[in-house]
Amino acid sequence: MTSRQAASLPLVALLVACGSQPPPKVENSGVPLTDSTATATPVSSAPPVEPPPAASSAAPEKKPKPPVSSSAPIPLHASDEGDTTTFAAAGGKIRIGGAAELFVQPGSVDQATNFTFVKNTGKSQLKLTPYKGQIGEVYKLGAVRPDGPKEIAGVPAFVVRMPLPKGTKTANLVIALPAGGTKATYTVLAPTKVDAGDTPFAYFDVMKLPAEAITHLTSAPPTDAPH
């Protein structure tokens, strides 16, 4: 083979012609070469362990007392003349003639208390002079607890419901305390709600009930303090 002919042949053919084999083909595995002195970092699949929270030295928080359940039916004492009965934390109602009513709300008192709500008639009546502008009947009202205070506070308040006479759109409530003889000190409260209907009612929040008093509706304006 002349030198001109050898130059025109492909490299592989030239090698075959010369009796030599082409070098083996190296496959690219895609794995990069690394330094043999490098140290591999082990990979852990477990999540990192967090240290336990530090124990608190603060005193445990006091939980408030659960409210009195209102799901139970409210005890009701209904009669034509009224009643004296005992209510405790569950509360109760005294209703007179299907109209006037004293409502001791659940939780108003935390122990047994005697409540009176009756028509102020008969031998047990309080002979006190009604307040000016009297509307409707006069009732006797009170709350007594053995060895208790002279006034029983209600939280939430005691609720007095009074029927409004026909043609009366609203009225205020008188609470009269004995002050010697037939004299009294009077407090006049405005209604918290008036329910107009076939039988209209006025509702009053009474924060404290004395041992005994009389109560009735009046057309006179509310007072800021007893007088």
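Everything below is about the structure shown above.
Notes on the structure follow. (Residues numbered from 1 in each chain as written. Predicted model: local features only at pLDDT ≥ 70, side-chain atom pairs only at ≥ 80, totals over all residues. Heavy atoms only, no water.)

### Looking at the overall build of the protein
Line of reasoning, step 1. Helices and strands together make up the secondary structure of the protein, namely two helices and 12 strands.
Line of reasoning, step 2. The linear arrangement of helices and strands in the protein, starting from the amino end, is α-α-β-β-β-β-β-β-β-β-β-β-β-β.
Line of reasoning, step 3. Split into buried and exposed, the 227 residues of the protein put 29% on the buried side.
Line of reasoning, step 4. Excluding contacts between residues fewer than 6 apart, the proportion of contacts in the protein whose partners are at least 24 apart in sequence is 65%.
Line of reasoning, step 5. For the protein, the accessible area works out to roughly 15500 Å², and carbon and sulfur atoms hold 58% of it. (Helix = DSSP H or I, 4+ residues; strand = E, 2+ residues; numbered from the N terminus. Buried < 20%, exposed > 50% of the residue type's maximum accessible area, 1.4 Å probe, protein only. Contact = heavy atoms within 4.5 Å. Areas by Shrake-Rupley, 256 points an atom, 1.4 Å probe, with all protein chains shown as cover.)

### What about the packing of aromatic side chains?
Line of reasoning, step 1. Throughout the structure, instances matching the rule amount to five aromatic pairs.
Line of reasoning, step 2. With a centroid separation of 5.6 Å and 65 degrees between ring planes, the pair formed by Phe115 and Phe158 is classed as edge-to-face. In this pair, Phe115 is assigned in strand β5 (residues 113-119) and Phe158 in strand β7 (residues 151-163), connecting sequence segments 43 residues apart. This pair shows no difference in class: Phe115 is buried, exactly as Phe158 is.
Line of reasoning, step 3. The ring of Phe201 carries the charged tip of Arg161 above its face, separated from the ring centre by 4.0 Å.
Line of reasoning, step 4. For the cation-ring pair, Lys193 lies above Tyr203, with the distance from its terminal atom to the ring centre recorded as 4.6 Å. (Phe/Tyr/Trp six-rings, centres within 6.5 Å; stacked < 30°, edge-to-face > 60°. Lys NZ or Arg CZ within 6 Å of the ring centre and 35° of its normal.)

### Some remarks on the side chain of Thr223
Line of reasoning, step 1. With respect to the helices and strands, the residue Thr223 is situated in the segment after β12 (213-218).
Line of reasoning, step 2. Overall, Thr223 belongs to the buried group, its relative accessible area being 16%.
Line of reasoning, step 3. At 3.0 Å, the side chain of Thr223 forms a polar contact with the backbone nitrogen of Val188. (Polar contact = N/O pair within 3.5 Å; in protein donor to acceptor, adjacent residues only side chain to side chain.)

### Side note on the sheet that holds β5
Adjacent strands of a sheet pair through backbone hydrogen bonds, lying either parallel or antiparallel.
Line of reasoning, step 1. Strand order in the open sheet made by the six strands is β2-β5-β6-β12-β8-β9, with antiparallel pairing throughout. Edge strands, defined here as strands with exactly one partner in the open sheet, are β2 (82-87) and β9 (184-189). Averaged over all pairs of adjacent strands, the angle between their axes in this sheet comes to 20 degrees, without regard to strand direction.
Line of reasoning, step 2. Judged from the six bridges that link them, β5 and strand β6 (residues 134-144) form a sheet pairing that is antiparallel. (Pairing = 2+ DSSP bridges. Axes fitted to C-alpha atoms, helices over the stretch in contact; angles between N-to-C directions.)

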